[in-house]
Protein chains: 4
Amino acid sequence: MHFATSETYAGGVLSDLYPDAPALPLVSVENAPLEGIDVAFCCLPHTASMPWVQRLRRAGVLTIDLSADFRLDSAAVYERWYKVEHTATELLPEAVYGLVELNRAAIREAKLVANPGCYPTGVLLALAPILREGLLAEPQVIVDAKSGASGAGRSLSLTTHFVEVNENFSPYKIGYAHRHISEMEQEAEKLAGGPVHFTFAPHLLPMSRGILSTIYVRTAEILSAEEWVALYREAYAEGPFVRVLAAGQLATLRHVIRTNLCVISLTPVEDTNTLVIVSAVDNLIKGASGQAVQNMNLMLGLDERLGLQ
Amino acid sequence: MHFATSETYAGGVLSDLYPDAPALPLVSVENAPLEGIDVAFCCLPHTASMPWVQRLRRAGVLTIDLSADFRLDSAAVYERWYKVEHTATELLPEAVYGLVELNRAAIREAKLVANPGCYPTGVLLALAPILREGLLAEPQVIVDAKSGASGAGRSLSLTTHFVEVNENFSPYKIGYAHRHISEMEQEAEKLAGGPVHFTFAPHLLPMSRGILSTIYVRTAEILSAEEWVALYREAYAEGPFVRVLAAGQLATLRHVIRTNLCVISLTPVEDTNTLVIVSAVDNLIKGASGQAVQNMNLMLGLDERLGLQ
Amino acid sequence: MHFATSETYAGGVLSDLYPDAPALPLVSVENAPLEGIDVAFCCLPHTASMPWVQRLRRAGVLTIDLSADFRLDSAAVYERWYKVEHTATELLPEAVYGLVELNRAAIREAKLVANPGCYPTGVLLALAPILREGLLAEPQVIVDAKSGASGAGRSLSLTTHFVEVNENFSPYKIGYAHRHISEMEQEAEKLAGGPVHFTFAPHLLPMSRGILSTIYVRTAEILSAEEWVALYREAYAEGPFVRVLAAGQLATLRHVIRTNLCVISLTPVEDTNTLVIVSAVDNLIKGASGQAVQNMNLMLGLDERLGLQ
Amino acid sequence: MHFATSETYAGGVLSDLYPDAPALPLVSVENAPLEGIDVAFCCLPHTASMPWVQRLRRAGVLTIDLSADFRLDSAAVYERWYKVEHTATELLPEAVYGLVELNRAAIREAKLVANPGCYPTGVLLALAPILREGLLAEPQVIVDAKSGASGAGRSLSLTTHFVEVNENFSPYKIGYAHRHISEMEQEAEKLAGGPVHFTFAPHLLPMSRGILSTIYVRTAEILSAEEWVALYREAYAEGPFVRVLAAGQLATLRHVIRTNLCVISLTPVEDTNTLVIVSAVDNLIKGASGQAVQNMNLMLGLDERLGLQ
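Residues numbered from 1 in each chain as written. Chains lettered and ligands numbered in written order. Predicted model: local features only at pLDDT ≥ 70, side-chain atom pairs only at ≥ 80, totals over all residues. Heavy atoms only, no water.

1. Details of a positive patch on the surface
Residues Arg80(A), Lys83(A), Lys173(A) and Arg179(A) make up a contiguous surface patch of positive charge. Residue class for Lys83(A) comes out exposed when judged on its relative accessible area of 68%. (Patch = residues over 30% accessible without salt bridge, like charges linked within 9 Å, V, L, I, M, F, W, Y side chains within 5 Å. Areas by Shrake-Rupley, 256 points an atom, 1.4 Å probe, with all protein chains shown as cover. Salt bridge = Lys/Arg side-chain N within 4 Å of Asp/Glu carboxyl O. Lys, Arg positive; Asp, Glu negative; His and termini not counted. Charge placed at Lys NZ, Arg CZ, Asp CG, Glu CD. Buried < 20%, exposed > 50% of the residue type's maximum accessible area, 1.4 Å probe, protein only.)

In structure tokens:
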């Protein structure tokens, strides 16, 4: 590693901020030297990311972008959800959606990977096998998601003040409002080969990290818990980071916090065609930095587990 | 007040355990003197409650029972969900389900009130107007509920150990498994005049108290948020303890903790007939003791707000 | 009550911000109408408070100031600790230090009361009987204090971000650095009739409210726990808000949160002259607003408990 | 590794209980096969540990005992603090107190190591340099310690119920009462070459893990913060797990949680000979299992960092 960037702490050293981190020099983005770099992780806010990804790609650097700027295939969809113009549309065709377990082959060839959002990571992994097999009875999905406070970022606002979060639990942007719906629909529709509509209700948990999504679908076939587990385990047999729990067990945040795992449980509701899928990820690892490293490993032809176990 | 009962602390005084509480003598249930008592609150576990409610009713004492023993109209349904025989079936016909906002008239005349469970309180208040008006498009309801750890009671188990609950969030008894479904279905079906099926997913929050339920239904008519709010406010105009938030606002646990309130918000999902209802109660007050006092007030012909504001 | 002031929410109504609060109009400080007001609570930051207290006193309004500006008798001491000039020194002679249990008579006659800081409230109540009786063996006190995050105020900084406070515990300003030492020494020295030195180590707790101070002193006489309790109960016999626990019990934050109480426990260390005093207050009530109301009650000749039980 | 023991889960596999753990078979202590074992970690409660350590030592197994049974050199002192007879006194002469940074040479030769208590680990590391240099002005130490709830163990009691711990902060066993005082005095007196008296005030934090001790001593010489830091860094130059912070910085729990580190900060109080030392450890790692592994590494002639970074 050559450097990390920071506007606030430029001139310092990463390990001064985070004692467990390596002693990387901190430089401002403006002054970041791009020559000699193989891969860059770009962690800027959406819109701000575009010119830097352009600069990185022009310099031939493999780029993993953690913003939303290159996750959506269509600039029009981007502009509808993010309410700003997309000014790097020339890069959209080469950008690959970096959900490793769904796109391994494409990521191995990619020069620009758009790292998925934290909510979509857990939700899409929970739905992919069922979507791919055409097992939805109706193209509607309800996602009731709960996220730790780090999901809201490190910037300061009353909504992340300790006294506001502690001993509270609150929904936000319920219905068809949260921007991550755009990613979830795009990728779900690719898997299903047709329209899929999401009702999405995120909530803020009084804890630091983790996202647990409880997902309700109606299935075209009624399978036993054991059969669902078998179908999902088969679907994720290739990779090490998706764990499908045995029938009767339920995913919790304790299963995944501080890991790159996505843990999934499957509960069919007796005498109905309703299936309740629970998926858990650590929003800071599998939902962000861990998945970014997993993408890098593939892009460089390395074992995808390197640095993640 | 004459006394409180306690097996563990019999012989002591309530204010020694809870400095803010009145200095009531603590006696064991066996030795509780029933003469001269107007009203009794019976807070025993289910099954254990039956003989004491029988004794209280034989002594002519108005009784508010906080167990599940008298909530279900049918002994057969009770036995199916609780897996024990009902040995006080002669009292079932006189027992009134004590959800004040739905049953005020009957509670005013009641001698025996079954105080509702904590989950059903918030869920039924969130659904009653829509059920009564016949506005469900299909008789299926999804309830994603999140409860603080006091909902699990004061008895000791690993599931309520601090280190297990803290920095965790976990579902339990997902699907059609939790006993409170029996109450929810019974009362929902009375309101709807036909069958209603619940998919119920409770989760344990890392906080002490409060239940927030996020409820998903499909409606027979598509109303605006403002219209839903108006319909609900009309339905709860009579009583002081149900607050329906304005369109665009969302119920949170902070709204209700340490109060007898049930706060409800209504969010129709654009371009669909899906309605997301959020309801919040404090499981220890509106979901238990506060509602019990509210019931007592009505049974004694008092203002239902006494002691609760 | 006529109005409350707010710069951020001027033009609004208090109950919109805090549903449980009364529906007071919110006006900016600039536009606050002072005519017809009996008492004003001034809750501005230190220094900012001075001109407003001057204006209030010129208008003849009884004033309770919650900043540090009128707590110190000496402008020089103020300037040494707060590093700014005191520009309202003409009011210092009339300002009374509003720790009710120590200054009841003076507060009853006061026109301007300086509400004590949150740390000094609990610490001075814990030490007053021993200081007044001359029972310190040496004029040195060690205070190890732990405060909930609301002690740091509502303004936004990384130190109150949920993710920084949660699952952490951290000391700050250890030694002879925290400004509240100036108040503690001033009042302790008045009580003792001579110099008293404080070593003060505050810590930030991962909870919303409450201050627990563990205080270590060496005593001139060795008394039993029961004798210390008797001495303290005698000292606080007059008022309702200081509770001295029985020998063998220990004060906790649960004893005081959401109350105007200061709870004190006394533990002599066997075979030594060391006494460990634990005092607990809710920093938002006895350490701020509750004590302010208690002061108002006395200034207006009312029962000091009004509105506080 | 061959097996782990469990009475509750005998017959199972460790990874079923803790998904991140290795798949060790779980056997009951009774059935534990000792042949072929090089080292055993014995984690039984005090007293229960004695016969098993005897059996292990008879079988020639290197033993690291995590109970209190072999920490005290004197059976009489053990019996005074633990109120039970010591029935394995023949092993006391060979037992080495396993605080690595103080006893490296002896541990390398030891057959039986008594792993220190969680509180003594952080406290003794914070005091050792000053004791060894004879820099205490008086032989008295005040330790104000704060521990996460895992310090109380996994057994069930109301004191570890989530609702009791959450949003509370409480002292316990204040003064000269906690059994860990016996270890602290024994080892401190060895270092100082004379008597050292501890006043010890432990408190329970509303968090899962970590111990932060704030320690007050009077020093025979007045050094600057920088001089204290230099003296401590020199004392701990050999090992990797004690970090002495730069002058002006303060140790927090965030520095140590999930690590084998002990982080120490030193704050002399200006114009006095009082020194405030803050030490932080993770009670489950440096205060228990991590230190046990560190001891094993030394006993086996390995690098003491193996498995701990």
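2. Remarks on the pattern of salt bridges
Under the criterion given, the structure shown has 52 salt bridges over all chains. Three or more residues are tied together by salt bridges with common partners; here these are Glu138(A), Arg218(A), Glu138(B) and Arg218(B).

3. Some thoughts on the sheet that holds strand E5 (residues 95-97) of chain B
All names here are of chain B. Read from one edge of the open sheet, 4 strands run E3-E4-E6-E5, paired in parallel fashion. Strands with a single pairing partner mark the edges of an open sheet, and in this sheet they are strand E3 (39-42) and E5. Between one strand axis and the next, the sheet turns by 20° as a mean value, whatever way the strands run. Two strands pair when backbone bridges link them, and E5 and strand E6 (residues 112-114) are joined in this way by 3 bridges, in the parallel orientation. Across the sheet, the residue bridging to valine 96 is valine 113, located in E6. Strands E3, strand E4 (62-65) and E6 of the sheet are contacted by helix H9 (residues 285-299), whose axis makes an angle of about 160° with E4. (Pairing = 2+ DSSP bridges. Helix = DSSP H or I, 4+ residues; strand = E, 2+ residues; numbered from the N terminus. Axes fitted to C-alpha atoms, helices over the stretch in contact; angles between N-to-C directions. Contact = heavy atoms within 4.5 Å.)

4. Some remarks on the sheet that holds strand E10 (residues 211-218) of chain C
Residues and elements named next belong to chain C. Spatial ordering of the open sheet is given by E8-E9-E7-E10-E13-E12-E11, a layout of 7 strands whose pairing is mixed. Of all the strands in the sheet, just strand E8 (170-171) and strand E11 (242-244) have a single pairing partner and so form its edges. Pairing geometry for strand E12 (residues 262-268) and strand E13 (residues 274-281), over 7 bridges, is antiparallel. Within E13, the position partnered with proline 268 by the bridge is leucine 275. Relative to E12, helix H8 (residues 225-235) is tilted by about 150°, and along the sheet it contacts E11, E12 and E13.

5. Details of helix H3 (residues 75-82) of chain A
In an α-helix there are 3.6 residues to a turn, and that puts residues three or four apart on one side. All names here are of chain A. Residues of H3 that are buried include every one of Ala75, Tyr78, Trp81 and Tyr82, and no others. End-on, the buried residues of H3 take up no more than an arc of 130°, which puts them together on one face. Against helix H2 (49-58) and helix H7 (180-192) lie the buried residues of H3. The N-cap residue of H3 is serine 74: its side-chain oxygen and the backbone nitrogen of alanine 76 are 3.2 Å apart. Once H3 finishes, lysine 83 follows within two positions and takes phi at roughly 60°, a positive value. (Arc of directions from axis to C-beta. Polar contact = N/O pair within 3.5 Å; in protein donor to acceptor, adjacent residues only side chain to side chain.)

6. Looking at the interface of chain A and chain B
In this assembly, 44 residues from chain A lie in contact with 44 residues from chain B. Of the roughly 3,400 Å² buried at the junction of chain A and chain B (both faces included), carbon and sulfur atoms supply 61%. Residues Asp144(A) and Lys146(B) are paired through a salt bridge, measuring 3.0 Å at the closest nitrogen-oxygen approach. At the boundary of chain A and chain B, one finds 23 residue pairs in polar contact (both at pLDDT 80 or more). Those elements that provide at least two residues to the side of chain A that touches chain B are strand E7 (140-147), helix H6 (162-165), strand E8 (170-171), strand E9 (197-204), strand E10 (211-218) and strand E13 (274-281) of chain A. Examining the composition of the side of chain A that touches chain B, we find that 5 residues originate from one element, E7(A), more than from any other. Classifying every residue of the side of chain A that touches chain B gives 21 nonpolar, 14 polar and 9 charged. (Buried area = accessible area lost by both parts, 1.4 Å probe. Nonpolar A, V, L, I, M, F, W, Y, C, P; charged D, E, K, R; others polar.)

Nothing here speaks to function; it is geometry throughout.
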